[in-house]
Amino acid sequence: MKKFVVIFLFTKDYKKVLMVKRNKPPYKNCWNGIGGKIEENETEIQATIRECYEETGIQLNNPKLLVTCIYPETNKMNKGTNLSVLYDFIEEVPVKSNYEGMYEWKDIKFALDFNNKNLAGLANISQFVKEIFDIEDIKKFY
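Residues numbered from 1 in each chain as written. Predicted model: local features only at pLDDT ≥ 70, side-chain atom pairs only at ≥ 80, totals over all residues. Heavy atoms only, no water.

A. Looking closely at the overall build of the chain. When helices and strands are tallied, the chain shows three helices and seven strands. For the chain, the N- to C-terminal ordering of α and β elements is β-β-β-β-α-β-β-β-α-α. Against the 2.2 N^0.38 benchmark of 14 Å for 142 residues, the chain shows a C-alpha radius of gyration of 14 Å, consistent with a compact globule. Dimensions of the chain, computed from the C-alpha atoms along their principal axes, are close to 40 × 30 × 30 Å. Classification of the 142 residues of the chain by burial places 46% in the buried group. Partitioning the intrachain contacts of the chain with sequence separation of at least 6 by distance along the chain shows that 64% fall at a separation of at least 24. (Helix = DSSP H or I, 4+ residues; strand = E, 2+ residues; numbered from the N terminus. Rg over C-alpha atoms; globule rule 2.2 N^0.38 Å. Buried < 20%, exposed > 50% of the residue type's maximum accessible area, 1.4 Å probe, protein only. Contact = heavy atoms within 4.5 Å.)

And the structure:
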């Protein structure tokens, strides 16, 4: 089974989320959270901290796990994939583009729009963001 993390970083005022416009498949030219593969003998938290630092230079201290989605072998799009969704709240800092893509702090409404065709996935990003905000009791955006 392939194991991945995706990380959503929000500003401390909850108005923006750091996203990457991907340079490569899957979801090339779509906006996504930061992420990558979980290495052998690595926890979701360790992978999140490592991937975030490798891709953005941002050092996380306390990312939180939202959910782990396990896609069965019969799922044609994500066959045999384990995806852990994590998040954190940080100060807004500039992030340079790199081999992964172009990074930008997007308005939270961009990520909460279930009809946004520029987002990776099948509206799951909007669902994840909404669930994070529900858990954290942040209701001012909907």
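The rest of the description comes next.
B. Broad picture of the side chain of E51. Here E51 is to be found in helix 1 (residues 44-56). With residues up to four places along the chain from it excluded, the contact list for E51 reads V5, I7, I34, G35, G36 and K37.

C. Up close: the pattern of salt bridges. Under the criterion given, the structure shown has 11 salt bridges. Note that E100 and K24 form a salt bridge whose closest N and O atoms lie 3.6 Å from each other. Within this pair, whereas E100 is found in the loop between strand 6 (81-90) and strand 7 (101-107), its partner K24 is found in the loop between strand 2 (16-22) and strand 3 (31-32), the two being separated by 76 residues in sequence. On the basis of relative accessible area, K24 is assigned to the partly exposed category, the value being 35%. (Salt bridge = Lys/Arg side-chain N within 4 Å of Asp/Glu carboxyl O.)

D. Layout of the layout of surface pockets. The space that makes up the largest pocket amounts to roughly 840 Å³. Looking at the lining of the largest pocket, the elements with two or more residues in it are strand 1 (2-11), strand 2, strand 4 (34-37), helix 1, strand 6 and helix 3 (124-135). Residue contributions to the lining of the largest pocket peak at five residues, all from strand 1. Among the residues making up the lining of the largest pocket, the classes are represented as 16 nonpolar, eight polar and eight charged. (1 Å grid on protein atoms, 1.4 Å probe; cavity = no way out; pocket = protein on both sides within 12 Å on 5 of 7 lines; lining within 4 Å. Points joined across faces, edges and corners; volume = space filled by probe spheres on them. Nonpolar A, V, L, I, M, F, W, Y, C, P; charged D, E, K, R; others polar.)

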